[in-house]
Amino acid sequence: MFFGKQEKEMLSRIQTDCGANARLMESAGDRIEALEKAAGKHDVVLEDLSDTLAELREQETDVLAQLHEELDLLREERLQAEQKDREKLMTLLMEYENHLLSIEFLLSENEEWKKQFALIHQKLKQKSLAAGVVLLGEEGEPVDYEVHEVIDVRKTDRMERDHRVAQVYERGCQYHGMIRKARVSVWKGIKE
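These lines cover the structure that appears in this document, whether it is placed above or below. (Residues numbered from 1 in each chain as written. Predicted model: local features only at pLDDT ≥ 70, side-chain atom pairs only at ≥ 80, totals over all residues. Heavy atoms only, no water.)

**A few points about the nonpolar core**
Judged by nonpolar contacts, Met 90, Leu 93, Met 94, Val 133, Leu 135, Cys 173, Tyr 175 and Met 178 together constitute the single largest core of 8 residues. For this core, the secondary structure elements donating two or more residues are helix H1 (5-107), strand S1 (133-136) and strand S4 (172-175). When residues of this core are assigned to their parent elements, the largest contribution, 3 residues, is made by H1. Counting 7 residues, the second-largest nonpolar core is a separate cluster that includes Leu 101, Val 143, Val 184 and Val 186. (Core = buried A, V, L, I, M, F, W, Y, C linked by side-chain atoms within 4.5 Å. Buried < 20%, exposed > 50% of the residue type's maximum accessible area, 1.4 Å probe, protein only. Helix = DSSP H or I, 4+ residues; strand = E, 2+ residues; numbered from the N terminus.)

If you want it as structure tokens, here you go:
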């Protein structure tokens, strides 16, 4: 009654617009709810992926630790094998050297044989040095307890011989830091 036709139409349009807006608001609410559900699913997936990544990193750390342990074991085995090989080589070389010393002693009476043997022995020393092997133990050299094992002491009144090698019973050698001591007798000077 207080409203005219124009006002009723306007009121009708407002009611229609309000209804449309309510439907839009409801639709927007549904969309927001759907987006929140989708975001929740993505959060769950991201959390699962994060957990999986953490597990993989832990596994990677474990595998790397195992590989380092195995590598260390292999290195240790290789070093032990190399050590044994060096010891075998030194033993073999010392056997040859000691046999040569025996031959040299036996040939010491014949000057011609002695010269030939000295050449052979010099060649052996050169080849040993070229292979990284230093032969130890020479008569007349000063005693060095790092490379000489003294098994006999001989007295002398010649003081220039004091603390020098009198005789080499077995040669020694040094190879890659390993030392096999020469077995020698040593002069001990006695003042009279």
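**A look at the layout of surface pockets**
Computed from the structure, the largest pocket encloses a volume of approximately 380 Å³. Along the wall of the largest pocket there are 16 residues; nearest its centre are Leu 101, Glu 104, Phe 105, Glu 139 and Val 168. Mapped onto the lining of the largest pocket, the elements with two or more residues apiece are H1, helix H2 (111-130) and strand S3 (165-170). Take the lining of the largest pocket: its biggest share by element is 5 residues, from H1. Residues belonging to the lining of the largest pocket are distributed by class as follows: 4 nonpolar, 6 polar and 6 charged. (1 Å grid on protein atoms, 1.4 Å probe; cavity = no way out; pocket = protein on both sides within 12 Å on 5 of 7 lines; lining within 4 Å. Points joined across faces, edges and corners; volume = space filled by probe spheres on them. Nonpolar A, V, L, I, M, F, W, Y, C, P; charged D, E, K, R; others polar.)

**Quick word on the sheet that holds S4**
Note on sheets: strands pair through backbone hydrogen bonds, and any given pair is parallel or antiparallel. Spatially, the 3 strands line up as an open sheet ordered S1-S4-S5, and their pairing is antiparallel. The sheet terminates laterally at S1 and strand S5 (178-180), the two strands that pair on one side only. Shown here is a sheet whose adjacent strand axes are inclined to one another by a mean of 15°, direction ignored. Pairing analysis gives 3 bridges linking S4 to S5, with the strands arranged antiparallel. If you follow Tyr 175 over to S5, its bridge partner there is Met 178. (Pairing = 2+ DSSP bridges. Axes fitted to C-alpha atoms, helices over the stretch in contact; angles between N-to-C directions.)

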